[in-house]
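Coordinate analysis (summary)
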Amino acid sequence: MRLNDAVFGVILILFAIAEIAWTTTFPSLYGQEYGPNLFPIIIGAGLALCGVILLVRGLAQRGTVPMVEWGDWAGDKATVLNVVLLIGSMIFYILVSEWLGFIITAFAILTLLLVRLGTGLLTSVVIAIIVTLLIHTLFARVLLVPLPWGILQPVAW
Amino acid sequence: MDTILKALALVTEPYTLGVMLLAAMFGLFVGSMPGLTATMATALLIPFTFFMDPVPAIAVIVTAVATAIFAGDIPGALLRIPGTPASAAYCDESYAMTQKGLAERALGIGLVTSVIGGLTGAVVLSLSAPALAEFAIQFSSFEYFWLACLGLSCAVIISTGSTLKGFVSLLIGLFIATIGIDGTAGHPRFTFGSIELMGGVSFIPAMIGMFAISEVLRYVASTRKALPVPQQPVGSVFSGLGPILRKYKMNIVQGSGLGAIIGILPGAGADIAAWISYALAKKRSKEPEKFGTGHPEGLVAAGAANNASVAGAWVPAIVFGIPGDSITAIVIGVLYMKGMNPGPMVFVQSPELIYAVFIAFFIANLALLPLGFAAIKMSRQILKVPQRILMPIILMFCMVGAFAINNTVFGITVMLVLGIMAYVMEENGFPVAPAILGIVLGAMIEDNFMNSMIKADGSLSGFFSRPIAATLGVLTILLWTMPLFLTLRRWMRPGTE
């Protein structure tokens with residue numbers, strides 16, 4: 001996904017304005033002219049300046065560089081779906097891993113992505129089972145990371 | 001001497017040597033997979049190093065990177081796809097050798113020069129770091145403020161692509177570093193009321209997102225098909241290598257030396273070292289017309305340069321706490337997490353740790369010779385591992401790794417957000433390395449600035465009142481004003497463009 005520099009320029013300027021506006025709520029340091037707002041203001045000012053330059057540069061190239069260029073993957077429905085599924089599966093993990101448990105969530109995500117990227121269903125299921133159990137053993141047993149059991153809690157080993 | 005023996009004992013513990021061996025195999029594998037970089041190898045390893053003592057943790061990273069940078073040559077020679085960006089400079093050259101039926105020779109040259117370059121880098125590191133540290137011990141917050149500014153400025157100027165976009169990337173990194181409770185007033189900044197953001201953006205999930213998730217995204221979003229692996233029988237790796245290396249010994253010296261020095265510069269890593277050293281070898285060659293046709297001269301120089309730069313990058317990292325490239329930026333983050341703030345004080349308080357790092361470099365590069373040989377022999381099998389299976393597995397490791405640091409899924413959120421951000425940035429020509437340096441150095445710059453201001457009672461002149469601080473300050477300001485000055489000069493002399 002390629003965007004014209006002007007698009008980034010506008011995003012950066014808006015971001016910088018919001019960021020600097022927020023810094024006005026910061027308290028100042030007692031007896032000092034500079035407080036926790038100094039660095040954010042410098043960063044915001046720098047981003048705004050860069051934003052303006054990118055905006056001007058992008059507008060100048062408007063004729064040759066389109067505002068949004070999705071790239072070849074956007075034309076291919078299967079690829080778009082894969083990107084959506086990849087990001088979606090991370091969000092899925094964030095939302096449900098706590099109550100569904102690591103083993104089920106990881107198995108579901110792995111199987112889905114393996115199949116989507118072109119591996120046969122049976123192979124995918126076998127790989128997903130092996131990898132899930134391997135990661136679980138490595139992190140939960142060896143490194144003692146408390147991976148959630150979720151609904152599998154009654155059969156936890 | 002006592003310290004060196006102590007350090008040697010630390011590194012040669014069976015546990016440390018064992019994890020180093022695993023790390024070497026991991027590094028060789030990741031390096032030889034196109035699309036998986038040495039930085040990604042480091043990012044995937046940090047969740048594991050989190051559970052280790054400092055010495056094995058650092059030894060693991062040193063080993064994985066040294067082996068991954070060499071292994072990047074393998075798909076470069078066989079498929080014409082560099083395994084890591086560090087091999088991109090001479091990938092056409094080594095592929096041309098493969099087409100002549102000399103794949104093993106190209107890889108043999110890559111292996112031997114990598115080992116020589118890596119050892120040279122290790123020597124440069126172990127000689128220059130303690131000397132610099134002795135000097136750096138006199139530094140106060142003023143000097144550190146300027147050093148960090150200088151490091152970040154170098155990172156922007158040297159970074160690939162446009163300087164403006166590099167600067168934007170740096171500012172984004174610095175902004176990310178300001179999130180959380182600030183160091184001087186204890187006020188939460190940009191946390192949106194989130195308690196998890198109070199402690200700041202966790203470093204490890206951020207790195208995993210920016211270096212691993214972004215690569216997985218790039219793989220999924222690309223419509224490029226996998227290339228067939230050439231199936232010629234594996235020939236002898238080392239035969240006929242002696243005369244070539246003797247003939248081009250000056251190129252090895254040039255590549256190793258230049259690589260180590262480029263590595264020391266903040267922001268310039270193995271890829272830039274290889275490009276510059278290849279270009280220099282071509283420029284100084286008696287037969288530059290042969291470059292690009294499977295001629296070993298440039299290969300020898302660049303193959304040594306990228307491995308030498310890996311060690312060079314550690315010099316500013318352990319002496320000043322200023323990373324020389326993205327990998328050492330990650331290392332510094334790991335050290336902070338272990339409560340070991342890199343800087344000259346470590347040389348005084350626990351010198352055995354520093355010497356252990358040096359020794360790890362020597363061991364890793366020596367071990368690269370037999371392990372790299374095995375990797376070349378197995379290269380065709382390694383390259384057959386399909387990425388469509390690998391990528392979902394990597395994703396799973398990333399999520400568990402990001403979770404494992406604080407045992408909350410919030411780490412995965414950080415990883416996801418920064419991963420998408422890094423992907424969009426790279427697609428649009430914003431280099432990611434300055435952002436990493438910004439994240440790592442942001443807090444250090446701000447704390448040193450604030451401490452200095454409090455010491456100097458709010459007067460800016462304090463930043464120039466000590467001789468070293470003044471020199472560093474003037475250097476930094478010169479570096480900042482240079483682009484302005486150059487533009488002005490171009491305007492003054494019209495028609496010279």
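For the structure given in this document, a descriptive report is provided here. (Residues numbered from 1 in each chain as written. Chains lettered and ligands numbered in written order. Predicted model: local features only at pLDDT ≥ 70, side-chain atom pairs only at ≥ 80, totals over all residues.)

**Some words on the overall build of chain A**
- When helices and strands are counted, chain A shows six helices and two strands.
- The order of helices and strands in chain A, counted from the N terminus, is β-α-α-β-α-α-α-α.
- Projected onto its principal axes, the C-alpha positions of chain A cover 60 × 55 × 20 Å.
- In chain A, which comprises 157 residues, the share counted as buried stands at 31%.
- In chain A, once contacts between residues fewer than 6 apart in sequence are set aside, the share between residues at least 24 apart is 64%. (Helix = DSSP H or I, 4+ residues; strand = E, 2+ residues; numbered from the N terminus. Buried ≥ 20, exposed ≤ 12 C-beta atoms within 10 Å, placed from the backbone. Contact = placed C-beta atoms within 7 Å.)

**With respect to the overall build of chain B**
- Across its full length, chain B carries 23 helices and two strands.
- For chain B, whose C-alpha radius of gyration is 22 Å, the value lies close to the compact-globule estimate of 23 Å for 497 residues.
- Here chain B holds 497 residues, and 61% of them are scored as buried.
- Contacts in chain B between residues at least 24 apart in sequence constitute 78% of all its contacts with a sequence separation of at least 6. (Rg over C-alpha atoms; globule rule 2.2 N^0.38 Å.)

**Describing the interface of chain B and chain A**
- Counting from both sides, the interface comprises 43 residues of chain B and, opposite them, 47 residues of chain A.
- For the side of chain B that touches chain A, the elements supplying multiple residues, two or more each, are helix H9 (163-178), helix H10 (203-221), helix H20 (387-404), helix H21 (410-427) and helix H22 (433-455) of chain B.
- With eleven residues, the top contributor of residues to the side of chain B that touches chain A is H20 of chain B.
- Residue composition of the side of chain B that touches chain A, by class: 29 nonpolar, nine polar and five charged. (Nonpolar A, V, L, I, M, F, W, Y, C, P; charged D, E, K, R; others polar.)

**Structural notes on H9 of chain B**
Residues and elements named next belong to chain B.
- For H9, with 16 residues, the first-to-last C-alpha span of 23 Å sits near the 22 Å given by 1.5 Å per residue.
- The buried count for H9 comes to 14 of 16 residues, which makes it a mostly enclosed element.
- Once H9 finishes, Gly 180 follows within two positions and takes phi at roughly 110°, a positive value. (Expected span 1.5 Å × (residues − 1).)

**Topic: the nonpolar core**
- Membership of the largest hydrophobic core comes to 226 residues, with the highest contact counts inside it found for Val 65, Val 357 and Ala 360 of chain B.
- Two domains each provide a minimum of three residues to this core, namely domain 1 (2-69) and domain 2 (73-155) of chain A.
- Filtering out sequence-adjacent residues up to four positions away, Val 65 of chain B remains in contact with Gly 27, Ala 38, Ala 41, Thr 42, Val 310 and Ile 327 of chain B. (Core = buried A, V, L, I, M, F, W, Y, C linked by C-beta atoms within 7 Å. Domains from an automatic or database assignment.)

**With respect to the environment of Leu 484 of chain B**
All names here are of chain B.
- Mapped onto the elements, Leu 484 comes out in helix H23 (residues 467-492).
- Among the residues examined, Leu 484 registers 9 C-beta atoms within 10 Å and is labelled exposed.
- Measuring from C-alpha to C-alpha, the distance between Leu 484 and Pro 75 comes to 42 Å, with 409 residues separating the pair along the chain.

**Structural notes on helix H1 (residues 5-23) of chain A**
- The terminal C-alpha atoms of H1 of chain A, which comprises 19 residues, lie 27 Å apart, in line with the 27 Å expected from a rise of 1.5 Å per residue.
- The inward-facing, buried residues of H1 of chain A abut strand E1 (2-3) and helix H2 (38-60) of chain A together with H9 of chain B.

**What to know about the packing of helix H3 (residues 38-49) of chain B against H10 of chain B**
Residue and element names in this part refer to chain B.
- In contact at an axis separation of 9 Å, H3 and H10 are set at 135° when each is read in the N-to-C sense. It follows that H3 is oblique to H10 by the angle criterion. Where H3 crosses over H10, the handedness of that crossing is left-handed. Residue-level contacts link Thr 39, Met 40, Ala 43, Leu 44, Ile 46 and Pro 47 of H3 to Ile 204, Met 207, Ile 208, Phe 211, Ala 212 and Glu 215 of H10.
- Looking at side-chain class alone, the contact of H3 with H10 contains ten nonpolar, one polar and one charged residues. (Axes fitted to C-alpha atoms, helices over the stretch in contact; angles between N-to-C directions. Parallel < 35°, antiparallel > 145°, perpendicular 65-115°, else oblique. Left-handed = near helix turned anticlockwise from the far one by under 90°.)

**Description of unusual backbone geometry**
All names here are of chain B.
- The backbone of Phe 190 sits at a positive phi, close to 50°, despite the residue not being glycine.
- Mapped onto the secondary structure, Phe 190 falls in the loop between strand E2 (188-189) and H10.
- Among the residues examined, Phe 190 registers 17 C-beta atoms within 10 Å and is labelled partly exposed.
- For Asn 407, which is not a glycine, the phi torsion comes out positive at approximately 55°.
- Its place among the elements puts Asn 407 in the loop between H20 and H21.

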